[in-house]
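# Observations on chain architecture
Listed below are the residues making up each chain.
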Amino acid sequence: MTESFGARLRTAMDRFGPLCVGIDPHAALLDQWGLAQDADGLRAFGLAVVDAAAGRAAVVKPQVAFFERFGSRGFAALEDVMTAARDAGLIVLADAKRGDIGSTMAGYAAAWLEAGSPLEADAVTISPYLGPDSLRDTLTTAVRAGKGVFVLAATSNPEAASLQTARTIDVAGGDEQTVAARVTRDVTWANRSSAFDGSLGPVGVVIGATVDRSELGLGDELLAGTPILAPGFGAQGATAQDLTARFGAVAANVLASESRSILAAGADGIAQAISTRNARYQEVLRD
């Protein structure tokens, strides 16, 4: 039987810590690293991050948009980077934020989660804003394939607050809750399977490290057994202490996502930056 994504993620986080290293080849970072503004520069950047993260972090998260801007050559570079990362034993989370309905969403799922696909990742970020039920087939695909998904729930960008804190009423249940809580409840059904008791499930959610989750109704019980991808650490202002301050009892489930704050160390300093950041997160969790 294929090992579940949650089990693999738990093992990797227990071994290497909660840091998720973003692979975000911003134009300014390519210049800083002395790399060309083309697909070859992307490939060199990504492979350098993979080399630095291997054996030091559990997860790398390529931001698909920065590869996509170079068209087919950019996607070819992304394929090479993700293949190298998986070969190095890293869990690859493709930050693609895909979301659609029907056969279109099935196509996205096949592209990012199907074994043998050129873009095969271990997990992918997806959007629920065409309705959480539109993701049901994708979630089922992920569970059966031993893959994971991270569904946008309460993101770290301030523009999202008015939508994600809006109140919605469940007609069937009669209860009122925020959009973020409703999304989380409706997509984490797979985690409640007896197969994942005592472990992380395959369906994660994105909750920003700068977000007050109590304001969104994202309590510990709702998040039990759920992997959490938390952007906002580092350049966006959240510190290692926020890992426990913000997430409390579910802090051990959190992937602390950092990109610019680590990548700015440059090709020569990134390995040390990863080790230092991860050690700090692990210290906070122990305390």
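Here, every reference points to the structure presented above.
Residues numbered from 1 in each chain as written. Predicted model: local features only at pLDDT ≥ 70, side-chain atom pairs only at ≥ 80, totals over all residues. Heavy atoms only, no water.

### Some words on the pattern of salt bridges
A complete count under the given rule lists 16 salt bridges for this structure. Across the pair Glu68 and Arg98 runs a salt bridge, and its minimum N-O distance is 3.1 Å. Taken together, the residues span a long stretch of sequence, with Glu68 in helix 4 (residues 64-68) and Arg98 in strand 3 (residues 91-98) at a distance of 30 residues. Here Asp95 and Lys97 are joined by a salt bridge, their closest N and O atoms 2.8 Å apart. Overall, the relative accessible area of 5% leaves Asp95 in the buried class. Where salt bridges share partners, they join Arg8, Arg86, Glu120, Asp122 and Lys147 into one cluster. (Salt bridge = Lys/Arg side-chain N within 4 Å of Asp/Glu carboxyl O. Helix = DSSP H or I, 4+ residues; strand = E, 2+ residues; numbered from the N terminus. Buried < 20%, exposed > 50% of the residue type's maximum accessible area, 1.4 Å probe, protein only.)

### Observations regarding the packing of helix 3 (residues 39-53) against helix 5 (residues 71-87)
In a pair of packed helices, the angle between the axes and the distance between the axes together describe the arrangement. Relative orientation of the contacting elements helix 3 and helix 5 amounts to 15°, with a least axis distance of 9 Å. Judged by the angle between their axes, helix 3 and helix 5 are roughly parallel. In this structure, the crossing between helix 3 and helix 5 has a hand that is right-handed. Judged by residue contacts, Ala39, Leu42, Arg43, Gly46, Leu47 and Val50 of helix 3 engage Arg73, Gly74, Ala76, Ala77, Asp80, Val81, Ala84 and Ala85 from helix 5. Within the contact of helix 3 with helix 5, the residues separate by chemical class into nine nonpolar, two polar and three charged. (Axes fitted to C-alpha atoms, helices over the stretch in contact; angles between N-to-C directions. Parallel < 35°, antiparallel > 145°, perpendicular 65-115°, else oblique. Left-handed = near helix turned anticlockwise from the far one by under 90°. Contact = heavy atoms within 4.5 Å. Nonpolar A, V, L, I, M, F, W, Y, C, P; charged D, E, K, R; others polar.)

### What about the side chain of Asn191?
Along the polypeptide, Asn191 turns up in the loop between helix 9 (179-187) and strand 8 (203-207). By relative accessible area, Asn191 is classed as buried at 8%.

### Looking at helix 1 (residues 5-16)
For helix 1, built from twelve residues, the straight-helix expectation of 16 Å at 1.5 Å per residue is met to within 8% by its first-to-last C-alpha distance of 16 Å. Burial in helix 1 covers these residues: Phe5, Gly6, Leu9, Ala12, Met13 and Phe16. Here the buried residues of helix 1 occupy an arc of 130° about the axis, which is enough to place them on one side. Exposed residues pointing more than 90 degrees away from the buried face of helix 1 are listed as Asp14 and Arg15. (Expected span 1.5 Å × (residues − 1). Arc of directions from axis to C-beta.)

### Here we look at the pairing of strand 2 (residues 59-62)
Going residue by residue along strand 2, you find Val59 and Lys61 tucked away on one face and Val60 and Pro62 tucked away on the opposite face as well. Alignment of strand 1 (residues 19-23) against strand 2, held across four bridges, turns out to be parallel. Bridging from a neighbouring strand, Cys20 pairs with Val59 of strand 2. With two bridges connecting them, strand 2 and strand 3 associate as parallel partners. Bridge assignment links Val60 to a residue of strand 3, and that residue is Val92. (Pairing = 2+ DSSP bridges.)

### What about the sheet that holds strand 4 (residues 123-126)?
With parallel pairing, eight strands are arranged side by side around a closed barrel as 1-2-3-4-5-8-9-10. Recorded for the sheet is a direction-independent mean angle of 30° between the axes of neighbouring strands. Bridging between strand 1 and strand 10 (residues 254-258) involves three bridges; their strand directions are parallel. In the strand pairing of strand 10, Leu19 is matched with Ala256. Helix-sheet contacts for helix 6 (residues 102-113) involve strand 3, strand 4 and strand 5 (148-154), and the interaxial angle to strand 3 is about 160°.

### Observations regarding the environment of Thr83
Inspection of the secondary structure assignment puts Thr83 in helix 5. Between the C-alpha atom of Thr83 and that of Leu229, which follows or precedes it by 146 residues, the distance is 22 Å. Among the polar contacts listed, one links the side chain of Thr83 to the backbone oxygen of Glu79, at a separation of 2.9 Å. (Polar contact = N/O pair within 3.5 Å; in protein donor to acceptor, adjacent residues only side chain to side chain.)

### Some points on the pairing of strand 5
Among the seven residues of strand 5, seven are classified as buried, and the element is accordingly described as predominantly covered. With four bridges joining them, strand 4 and strand 5 adopt parallel strand pairing. Across the sheet, the residue bridging to Ile126 is Val151, located in strand 5. Note on the crossover from strand 4 through helix 7 (residues 136-145) to strand 5: the handedness is right-handed. (Right-handed = clockwise from strand over helix to strand, strands pointing away.)

### Examining helix 6
Across its twelve residues, helix 6 extends 16 Å between first and last C-alpha, which sits within 8% of the 16 Å expected from 1.5 Å per residue. Looking at the packing, one finds that the buried side of helix 6 touches helix 4, helix 5, strand 3, strand 4, helix 7 and strand 5.

### Concerning the nonpolar core
Formed by 72 residues in total, the largest nonpolar core has its most connected members in Trp112, Val149, Phe247 and Ile274. In contact with Phe247, other than residues within four places in its own chain, are Ile207, Gly208, Ala209, Arg213, Asp220, Ile228, Ala230, Asp242 and Val254. (Core = buried A, V, L, I, M, F, W, Y, C linked by side-chain atoms within 4.5 Å.)

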